[in-house]
Amino acid sequence: MSGVWVFNTNGVIRLIENPQAESQGSSSSRRKVLVYLPTGEVVSSYSSLEQILTGLGWERYYGGDPDLFQFHKHSSIDLISLPRDFSKFNSVYMYDIVIKNPNVFHVRDM
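(A) Representation of the sheet that holds strand β8 (residues 105-109). A sheet is described by the order of its strands in space; here 3 strands give the open sequence β4-β3-β8, paired in antiparallel fashion. Edge strands, defined here as strands with exactly one partner in the open sheet, are β4 (41-42) and β8. Relative to β4, strand β3 (residues 32-36) runs antiparallel, the two sharing 2 bridges. By the bridge assignment for β4, tyrosine 36 is matched with glutamate 41. This element, helix α2 (residues 46-55), spans β3, β4 and β8 of the sheet and lies at about 150 degrees to β8.

(B) Main features of the pattern of salt bridges. Counted by the stated rule, this structure contains 3 salt bridges. With a shortest N-O distance of 2.8 Å, aspartate 109 and lysine 32 are connected by a salt bridge. Residue aspartate 109 is found in strand β8, and its partner lysine 32 is found in strand β3; the two are separated by 77 residues along the sequence. Its salt-bridge partner being arginine 60, residue glutamate 50 comes within 3.9 Å of it at the nearest N-O pair. With glutamate 50 in helix α2 and arginine 60 in strand β5 (residues 59-60), this pair connects stretches of sequence that are 10 residues apart. Note on glutamate 50: relative accessible area 28%, which makes it partly exposed.

(C) Structural context of the sheet that holds strand β6 (residues 68-72). The strand order β5-β6-β7 describes an open sheet built from 3 strands, whose pairing is antiparallel. On the outer flanks of this sheet lie β5 and β7 (79-83), each paired with one strand and no other. α2 contacts β5, β6 and β7 of the sheet and is inclined by roughly 175 degrees relative to β7.

(D) Spatial organisation of the pairing of strand β1 (residues 4-7). Bridge count between β1 and strand β2 (residues 13-16): 4 bridges; the pairing is antiparallel. Along β2, the bridge assignment pairs phenylalanine 7 with isoleucine 13. Once β1 ends, the chain turns through 5 residues before running back antiparallel as β2, passing glycine 11 with a positive phi of about 90 degrees.

(E) Structural view of the packing of aromatic side chains. By the definition in use, this model includes 5 aromatic pairs. On the numbers, 5.2 Å between centres and 25 degrees between planes, the contact of phenylalanine 86 with phenylalanine 89 is stacked. Aromatic rings pair up to connect Tyr46, Phe69, Phe86 and Phe89 into one cluster. Across from the ring centre of phenylalanine 69, 4.5 Å away, lies the NZ or CZ of arginine 84, which sits over that ring.

What counts, and where the lines are drawn
Note on numbering: residues in each chain are counted from 1, in written sequence order. In keeping with the model being predicted, local features are shown solely for residues with a pLDDT of at least 70 and side-chain atom pairs are shown and tallied solely at 80 or more, while totals for entire chains, interfaces and linings include all residues. Hydrogens and water molecules were not included; the side-chain quantities draw on all heavy atoms of the structure. Strand pairing is assigned whenever DSSP detects at least two bridges linking the two strands. Strands are runs of DSSP state E lasting at least 2 residues, helices are runs of H or I lasting at least 4, and numbering of each runs from the N terminus. The contact rule is simple, with two residues in contact once any of their heavy atoms fall within 4.5 Å. Working convention: axes come from line fits to C-alpha atoms, limited for helices to the stretch in contact. Angles between N-to-C directions cover 0 to 180 degrees. Between Lys or Arg on one side and Asp or Glu on the other, a salt bridge is scored when a side-chain nitrogen of the former is within 4 Å of a carboxyl oxygen of the latter. Working definition: with a 1.4 Å probe on protein chains only, accessible area under 20% of the residue-type maximum means buried, over 50% means exposed, and in between means partly exposed. Note on aromatic pairs: the rings of Phe, Tyr and Trp (six-membered ring only in Trp) are paired at centre separations within 6.5 Å, and the planes decide the class, stacked below 30 degrees, edge-to-face beyond 60, tilted for the rest. Each ring is checked for a lysine NZ or an arginine CZ that lies within 6 Å of its centre and within 35 degrees of its normal; such an atom marks a charge sitting over the ring.

Have a look at this one:
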């Protein structure tokens, strides 16, 4: 994960992966995708991601923020929180899934 970490005015920190492209408004920056390694499948929807995570022992968690899709495992304290709108699913969320599921997912440039 390379880039520049920037504090927003509301105090939230975010990663700018390609600062030159973002400052210039360039659309030539490469899009990131989440890949399920056992099949090589690119995760293209929450329904496919939910099927994969369920197979790995994750369960939907409904006790949190209604604006988020959340998953948890009984065997750990980990919680995966994703924006309800898949178009807002970006590399920060992808890397969270990769870290919580070692050797199962990978983030690649498209």
